[in-house]
Amino acid sequence: MSLLIHRSWVVFVYAITISLESILIEFLTTRFLQIPPIVLSAISITLAGSLLLLIAAFFKRSRAIVSIFSKSSKNLILSCSSLAVGIFTWYDSISRIGASKEVLIAGPLEIVIIVVLARIFLEEKLDKIQVIGIILALIGFFMAVASDANVLDGTSIQTIVTMPSIIITFGDIEAILSAFGFAIGVLFLTKLVSLYSSIEVAGASMFVSGLILIGLMSGFFYESYILLLDTSSFQQRPLIINLIILILFSLLPFIGSLCYSTGLRRIGASVTAVIGSASILITISIQIVLGELGIKVNLPDNLFIAILGGILGFLGIYIIHINNHYLPMNIRRK
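Structural notes, computed from the coordinates. (Residues numbered from 1 in each chain as written. Predicted model: local features only at pLDDT ≥ 70, side-chain atom pairs only at ≥ 80, totals over all residues. Heavy atoms only, no water.)

The subject of this paragraph is the overall build of the protein. Helix and strand counts for the protein stand at 15 helices and zero strands. Sorting the 334 residues of the protein into buried and exposed places 54% on the buried side. Put simply, 85% of the contacts in the protein that link residues at least 6 apart link residues at least 24 apart. (Helix = DSSP H or I, 4+ residues; strand = E, 2+ residues; numbered from the N terminus. Buried < 20%, exposed > 50% of the residue type's maximum accessible area, 1.4 Å probe, protein only. Contact = heavy atoms within 4.5 Å.)

For the rest of this paragraph, the subject is the packing of aromatic side chains. When we look at a pair of aromatic rings, we describe it by the centre distance and by the angle of the planes. Evaluation of the coordinates by the stated rule reveals four aromatic pairs. Residues Y91 and F249 carry aromatic rings whose centres are separated by 6.3 Å and whose planes lie at 90° to one another, so their mutual orientation is edge-to-face. On the criterion of sequence distance, the pair formed by Y91 in helix α4 (residues 73-97) and F249 in helix α11 (residues 239-249) is long-range, its members being 158 residues apart. By relative accessible area, which is 0% here, Y91 ends up buried. Aromatic pair F141 and F142: ring centres 4.9 Å apart, planes at 65°, arrangement edge-to-face. Overall, F141 belongs to the buried group, its relative accessible area being 7%. (Phe/Tyr/Trp six-rings, centres within 6.5 Å; stacked < 30°, edge-to-face > 60°.)

Of note, S279 is situated in helix α13 (residues 279-292). Taking the relative accessible area as the measure of exposure, S279 reaches 7% and is therefore buried. A polar side-chain atom of S279 sits 3.0 Å from the main-chain carbonyl oxygen of G276. If we ignore the near neighbours within four places in the chain, the residues touching S279 are A15, I18, S19 and V103. (Polar contact = N/O pair within 3.5 Å; in protein donor to acceptor, adjacent residues only side chain to side chain.)

Nonpolar side chains collect at one region of the surface, where L51, L239, I240, I241, L243, I244, L248, L251 and I255 lie side by side and expose about 690 Å² of accessible area between them. Breaking the nonpolar patch down by element, the ones donating at least two residues are α11 and α12 (251-276). In terms of residue count, α11 provides more of the nonpolar patch than any other element does, six residues in total. Within the secondary structure, I244 sits in helix α11. (Patch = residues over 30% accessible without salt bridge, like charges linked within 9 Å, V, L, I, M, F, W, Y side chains within 5 Å. Areas by Shrake-Rupley, 256 points an atom, 1.4 Å probe, with all protein chains shown as cover. Salt bridge = Lys/Arg side-chain N within 4 Å of Asp/Glu carboxyl O.)

Moving on, we come to helix α8 (residues 170-193). Under the 1.5 Å per step criterion, the end-to-end length of α8 is 34 Å for 24 residues, consistent within 8% with the ideal 34 Å. Burial of α8 is extensive: 17 of the 24 residues sit out of reach of the surface. (Expected span 1.5 Å × (residues − 1).)

What follows covers the nonpolar core. Counting residues in hydrophobic clusters, the biggest one holds 85 residues, and the most contacted among them are L40, Y91 and L213. Not counting residues within four places of it along the chain, the set of residues in contact with L213 comprises I38, S41, A42, I45, A84, I87 and F88. (Core = buried A, V, L, I, M, F, W, Y, C linked by side-chain atoms within 4.5 Å.)

Moving on, we get to the side chain of S19. You can see S19 is positioned in helix α1 (residues 2-30). What S19 contacts, discounting residues up to four positions off in sequence, is S279, I282 and T283.

Position of T262 among the secondary structure elements: in helix α12. With a relative accessible area of 14%, T262 lands in the buried category. C-alpha of T262 to C-alpha of S197: the two residues are 65 residues apart in sequence and 8.1 Å apart in space. In this structure, T262 is in contact with V10 and S198, ignoring residues within four places of it in sequence.

This part covers helix α14 (residues 303-320). Taking 1.5 Å of rise per residue, the 18 residues of α14 would be expected to cover 26 Å, and the 25 Å separating its terminal C-alpha atoms lies within 8% of that figure. Within α14, burial applies to I305, A306, G309, G310, G313, G316, I317, I319 and I320.

Below, the discussion takes up the pattern of salt bridges. Per the counting criterion, the structure on display carries three salt bridges. Across the pair D92 and R96 runs a salt bridge, and its minimum N-O distance is 2.8 Å. Taken together, the positions of D92 and R96, both in helix α4 and four residues apart, correspond to about one turn of that helix. Overall, the relative accessible area of 46% leaves R96 in the partly exposed class. Close ionic contact of D172 with K101 constitutes a salt bridge, the shortest N to O distance being 3.2 Å. With D172 in helix α8 and K101 in helix α5 (residues 99-121), the pair connects residues that are 71 residues apart, well separated along the chain. On the accessibility criterion, D172 (0% relative accessible area) is buried. Judged by relative accessible area, K101 falls into the buried class, the value being 1%.

Okay, here's the thing in structure tokens:
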């Protein structure tokens, strides 16, 4: 147990970092700078990936960096294509439905997808206990979707039982797509971290994902370039200030990606996923505190349903990974 804790602390850092990143995405895209999500994601992810590659090169890993782009290009491109979809839909979904609801929807669903895909492609064992965990995680997912359905407007049990029709918004759909994007990307990243160091994989995957997003920004969101250069769109802030903020923000995906990739290598995809899922509860907890402090945040209409769904989702994720056959072989032996 102590060995597992020693190996997994970086994933706890990831969980906190990803929560802060999600909350800042909401503020930067909807309140402060009003940056289009495609611009924020493309620039920050590319900068974070570039920084990781520079650090790897500094430690004389240039040959490995060249190798990951040449010998493992297929897995890299497949993972980055999926991650690019996950990143953009994640950012855009937060700008529409808020950080809390996005993570409540995508968090449990992403883990379920990872486990199912791991069972199919990585041949990880799935028993009845894990099936129960999947069911709980899915219940948490559906409760998160229903958290804006005003199911608690009445006070009677009948009102609560007879839930109105749940309206799935475009932001909800994007959150679901982000879960699929990240889950599929994780499978390919797991293969890469078995061959290369975590910093090489994190740097290469984020850099290529960022380039894909920049391509989308230039091809389908041309107006985003205009928005980036037009300081009036950013509340009259000078361009240099906007760029500095984007650079500082890129430190969050930089730290998060490095910690997550390190977790994949140290303790495997399953345990990394369950610890990282603590971001579900961390995000909504931080936003509730911010709301109590008078800071405007986008929280689900029904916090009771949302929090209960988050707890069930996290509990389901924990049950999914409760058996030690989800731990890497080197940890089980020790």
